[in-house]
Each structure stands twice: as structure tokens, then as C-alpha cells.
Amino acid sequence: MSTIDISTARKVAHLARIRVAEDQLPKLAEQLSGILTFMEQLNEVDVTGVDPMTSVTPMRLKRRADVVTDGGYPDKVLSNAPDAREGFFAVPKVVE
Amino acid sequence: MTLNALTIAEARDALRKREVTATDLTMSCLTAMDAGDPLNAFVHKTPDIALDQARAADARLAAGDAPAMCGIPLGIKDLFCTKGVPSQAASNILRGFRPEYESTVTQNLFDAGAVMLGKLNMDEFAMGSSNETSCYGNAVNPWKVDDRHLTPGGSSGGSAAAVAGDLCLAATGTDTGGSIRQPAAFTGIVGIKPTYGRVSRWGIVAFASSLDQAGPMTKSVRDAAIMLGAMAGHDPKDSTSADLPVPDFEAALTGDIRGQKIGIPREYRMDGMPAEIEALWARGTEMLRDAGAEVVDISLPHTKYALPAYYVIAPAEASSNLARYDGVRYGHRAALAQGDGIVDLYEKTRAEGFGPEVQRRVMVGTYVLSAGFYDAYYNRARRVRALIKRDFDQVFAAGIDAILTPATPSSAFGLGEMANADPVEMYLNDVFTVTVNLAGLPGISVPVGLDAKGLPLGLQLIGRPWDEAGLLNHAYVLERAAGFVAKPQKWW
């Protein structure tokens, strides 16, 4: 039985960049613990000598020349931005 | 019969004989779509686009060179980006998003002359098995046997409800762990998830990129063959899309499966499986045997580890894919307080924009990918995934042509009935379908009968990689033998 404590839940929420209120953390910790316990069945499997799957279909990724094939329309790129100014995405100050 | 109740094949033939026009067919569906509002299947309607496309289809039909999908009115799952039309994956975080581009699948369908009626409800970011995580509210199953509203399944719940309720002729779906096949089974329609790489993922909002595939949800196996042919094909914009020719899937429907070997995997006989599901599976097996197939007991020993492996891998990939929703480039941005910085922007935006199930999966994915746990969870799950695929490789190498299993562990359940369940209980809906995504195989759900309550039940056939043609032919035989013709009583 895996258990996630409240401080781990708080840390995971922060790593995921999702704000979780303090009073919601106990329930979150309990749910995450339940899901992780479910996953721990995987420990029963002997995976000795088995490589982690990287591609479900044996395929070689295609290559192409390293050249620009698309672009040149900043107005389209910015058309869905919540805040765009002078051809840029606008965000709160990042550098002091 | 009204035009909206036609199959694709029936409509195609009538359109080509000029017995009906694409415009009349589209008008009939638009009327059914509006009358279908209680099903909450269509969440963004596009009647103007539909009528323009229908008129263009009529011109093509008059010119005499129209492909099979020309003039066929479809619903499109909200996960597909459609140019200029809201495409928000049923999430508040993409509220207001109107793509500047068209997904390859919808572009392929439009190039073939298909008509888009609107966008369809689904679980948020395709994470769910009951369409109850949608920002649009629940889609409702047209099947109803008492005063309860039932789930159409998920995540492609709106697609399933719209097709089963005759609001459209067919719909697109996507399937990461069963999201085409489970809703198809819950609503008495056909749904196929193709081999990974058969259909381009470009322009489809990503959930778990190594598992996601799009496919058709239709009223018959023949329709699935026709529509899959129009959706599939190599796409340079998706590096995992296979550069293979697309066979004529409809021509493969010969109805002859004599001498074919059908595997019955013993591990799919789960503890506590309802007797009705077991009986349905046995009936389906007899139908294929009567058609001349050889039935073989097979073993897929790692089956029971598929769900836990899936619920490591899918959230891990989702946590990475959904990192892009940060309130900067598109969709929702939280209102900030005085002095809030960029991290507050991210955290508040994602807390407001993502629903509880999406938040949970993103956090699970973040955890299993974090330092110290990556090997124990994520790499172990990928190793188990390799073993699950090896199980299938071995039975196919031994000569099995297709595998028959139940599609779902039950018929459709009531909306809200799982509200207090543990998240893991809802995940059990995918128990028969996730193995197929983990192994990258094609799988199809075919309606085979009704349960004692009068609700549809489906069986799943699983095929060899790239053998959708053979798989569809097996499904066609099962469909004809089952003779499933029941339709939901119209109550809406």
C-alpha cells in the first residue's frame, strides 16, 4: 500500500503547476495513494531483461532536410492569445 | 424512414442515383440535431458550414466523380481541431479557442466531400469513461429503459449518442484506452480503433501520444470500412503515421471467414464477470464457428497488468502533453492578483481551467515521471507494456487471425451512479480495451445483443497490425450473424 502524504501531494501539485488549496490536499493525497497502490500490481511482473517499449510499431522515424517549411504569420500564431501585444505573447514580469 | 437514419452506404447509393440531394440529407440531420438537444451530444453546431459543404457535394455529385463520403453529414468529436470552429477538447482551459488550421483527419474527410454538422461532446481531454468530465455537461445515451438517464460511455460519448440517436450518419471518435469501442458498445453502434499509425494524429488535441488513434463510429461495419478509408493515410505532419497504402476496406467485406483462426483469450474471463457478458461472448464465438472459423483457446498471460500499466503510461504522457496549457498562447488565463508572477499565472490558470479528473491524471503523471520514481513506475510500466505486446505477437505468430473478447464489463450505467466511486473503479471500464492500445493493434466493437434490461451489449474483435481489412471482414460476419437491428425508442 503506497501512501502519499500531504507534503508530497503539495509538492506534486506544484510540480504540475496546478494550484491546490490546503484544505483539498488530504483528499488529493488519498486519491493519489489509491491510484498508486493500484499501479503497484506491476511489481508482481518479472521484467528481467525486458527493455522499456519506445515505439509500439517498429518504425524508423523519417528524416527530412533541416530547413524552415512553415511560418511567417505571427498574426495567426497570436490570434488565440489571451494577451498579445506588438507581435508578442504578453505575460507577467519574469525577470526582476 | 427519415434521411438522417440512413447508413453511409445507403446514403451514398441514393446520392449517386440522384434520389436525394446532399442538401436534403444535411437539412434532415440539422433538424434531428436540433431536436436532439436533450442528448447534449452536439456542443458547437455549424449549420452554415454544413449547408455550404452540402451544396459543394451536390455539385460534385452532379459532375459524377464523387467519392463515397461525398455529401455524408458527420459529427466531429471536439478533440479534432477544425479551422475557425471552437475546438476545446471539452475543457474550460480551451474556452474560446478557434484553431487557425484543420486536423488532417477532418481535412481528409472534407476533401472526400463529407459534411460537418458540428462538434461533439466528450470527456475532458478524452479522460473518462462516461462523458461526465466534460465542461459542457453530460452527454446522454439515447437508450433508456426506466426513468434514469444513462451514460453513452466515454470518452467519445457525444459521438456515440449522436450516431445512435440518428442525429448524424456517422461521427469521428478517438481511442486512447477504449474511448471509441466502449461508447460504441454502450449505444449499440460500431466503432473501430485502427492500428497505431494508420490515421494521422496531426491536429487532434493530444492526450497520450503513444496510444491515441482516431477512428470512425458508425451504424454498420460497412460504414466503418467506408469512413476509415477516407480518414486513413500517410501524413508527413505526423512522424508516427505509417507510410503504407490504404486498402479498399469495403471490398474486403466478403463475408467469408472459413478456415480463419479465432482466438479466445482465457485471461479475459474475469472474476465477477456478469453471466450475461459471458453468455454473449459464448454466443459470438458460436456465430464465428458457424461461419466456418476455427475457434482456438489462447493465452495472453500479462492481461491483468494492462490496466495498471496504462494508468502509469497514459497520465505520464498526458502530464507532458498538457504542459502546453499555461494561459499564455491560447485559451483561458486566470485573473491575477497584484504582485502575482508567472508561476501564479500558470498555477491559477491550470487550477481554474482543468477539471478534477484531468488535474488528477496530470498530477499522477507528474509523480511517476519525477526523479526517484521514474524507474519504479514509468520504466517498469513500459517494460510491462513490451510484455503485453509480446503476448499478442506470439498468438499471431502461432496463426491466430483475430481475437474475440467482450467489449465492456457491463451495459451502460446511469449518469451520476459512479459519482462517489473511487477513480480506479471507473478505470475498470477499460479492462477489455486498453490492451489493444498498449499493443498498438486494431480493435472493433460490434453490437451483438441486448441484455435483460434491454440495453445493447457489444463484442470486441482484435486484429493483426495493419490488418483492418481482415478485422472488418470478421466484424461483418459477426454483425450479420447477430442481426442486431434494435434502435433506441425516441424519448427526446
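Since this is a predicted model, take the numbers as computed values, not measurements.

Trainee: Account for the interface of chain A and chain B, naming residues and giving values.
Mentor: For interface size, the figure often reported is the accessible area lost on association. The interface is formed by 49 residues belonging to chain A together with 65 residues belonging to chain B. Of all residues in chain A, R19(A), L42(A) and M53(A) give up the largest surface area on contact with chain B, accounting jointly for 14% of the area buried on that side. Viewed at the interface, chain B and chain A are joined by 4 salt bridges. Between R19(A) and D344(B) there is a salt bridge whose closest N-O contact spans 2.8 Å.

Trainee: Go over the packing of helix α9 (residues 306-321) of chain B against helix α12 (residues 374-397) of chain B, please, and point to the residues and values.
Mentor: All names here are of chain B. Axis separation between α9 and α12 bottoms out at 9 Å; the angle between their running directions is 125 degrees. Judged on the interaxial angle alone, α12 and α9 are oblique. Crossing of α9 over α12 shows left-handed handedness. Of the residues in α12, those in contact with A306, A309, V312, I313, A316 and E317 of α9 are Y377, Y378, A381, R382, V384, R385 and I388. Tallied by class, residues from the contact of α9 with α12 come to 10 nonpolar, no polar and 3 charged.

Trainee: Tell me about the packing of aromatic side chains, and name the residues and values.
Mentor: All names here are of chain B. Overall, the coordinates contain 17 aromatic pairs over all chains when judged by the stated rule. Between Y325 and F354 the ring centres are 6.4 Å apart and the planes differ by 85 degrees, which places this aromatic pair in the edge-to-face class. Here F354 lies in the loop between α10 (342-353) and α11 (356-369) and Y325 lies in the loop between α9 and α10, a separation of 29 residues in the sequence. Of the two residues, Y325 and F354, neither departs from the other in class, the shared state being buried. The ring of W491 carries the charged tip of K144 above its face, separated from the ring centre by 5.6 Å.

Trainee: Any chance you could break down the sheet that holds strand β3 (residues 115-120) of chain B for me, citing the residues and the numbers?
Mentor: Note on sheets: strands pair through backbone hydrogen bonds, and any given pair is parallel or antiparallel. All names here are of chain B. Taken in spatial order, the 11 strands make up an open sheet running β1-β3-β2-β4-β6-β5-β10-β11-β9-β7-β8, and their pairing is mixed. Strands with a single pairing partner mark the edges of an open sheet, and in this sheet they are β1 (42-45) and β8 (294-298). Each strand axis lies, on average, 30 degrees off the axis of its neighbour in the sheet, ignoring direction. Sheet topology note: the strand β2 (residues 73-77)/β3 ladder contains 5 bridges and is parallel. Paired with I76 across the bridge in β3 is K119.

Reading the values: the criteria
Each chain has its residues counted from 1, running along the sequence as written. For naming, the first written chain is A and the first written ligand is 1, with later ones following in the order written. Where totals are concerned, whole chains, interfaces and linings use all residues; where local detail is concerned, this predicted model gives features only for residues with pLDDT of at least 70, and gives and counts side-chain atom pairs only at 80 or more. Excluded from the side-chain calculations are hydrogens and water; all other atoms, namely the structure's heavy atoms, are used. Contacts are residue-level and defined by heavy atoms, with any inter-residue pair within 4.5 Å sufficient. What gets called buried area is simply the loss in accessible area from a 1.4 Å probe that two parts show on being joined, summed for both. By definition, a salt bridge exists where a carboxyl oxygen of Asp or Glu is found within 4 Å of a side-chain nitrogen of Lys or Arg. Fitted lines through C-alpha atoms serve as axes, helices being fitted only where they are in contact, and the angles separating the N-to-C directions of these axes extend from 0 to 180 degrees. Per the convention used, a helix needs a DSSP run of H or I reaching at least four residues, while a strand needs a run of E reaching at least two, with both numbered from the N terminus. For classification purposes, angles smaller than 35 degrees are called roughly parallel, those larger than 145 roughly antiparallel, those between 65 and 115 roughly perpendicular, and all remaining angles oblique. Working rule for handedness: look at the near helix, and if it is turned counterclockwise from the far one by less than a right angle, call the crossing left-handed; if clockwise, right-handed. Side-chain classes are defined by residue name, with Ala, Val, Leu, Ile, Met, Phe, Trp, Tyr, Cys and Pro counting as nonpolar, Asp, Glu, Lys and Arg as charged, and the others, Gly among them, as polar. Note on ring pairs: Phe, Tyr and Trp rings are taken, using the six-membered ring of Trp, and paired if centres are within 6.5 Å. Classes follow the plane angle, with under 30 degrees stacked, over 60 edge-to-face and the rest tilted. Only protein chains enter the accessibility calculation, which uses a 1.4 Å probe; a residue whose area is less than 20% of its type maximum is buried, one above 50% is exposed, and one in between is partly exposed. Placement of a charge over a ring requires the Lys NZ or Arg CZ to be within 6 Å of the ring centre, with the centre-to-atom vector within 35 degrees of the ring normal. Note on pairing: DSSP must find at least two bridges between two strands before they are called paired.

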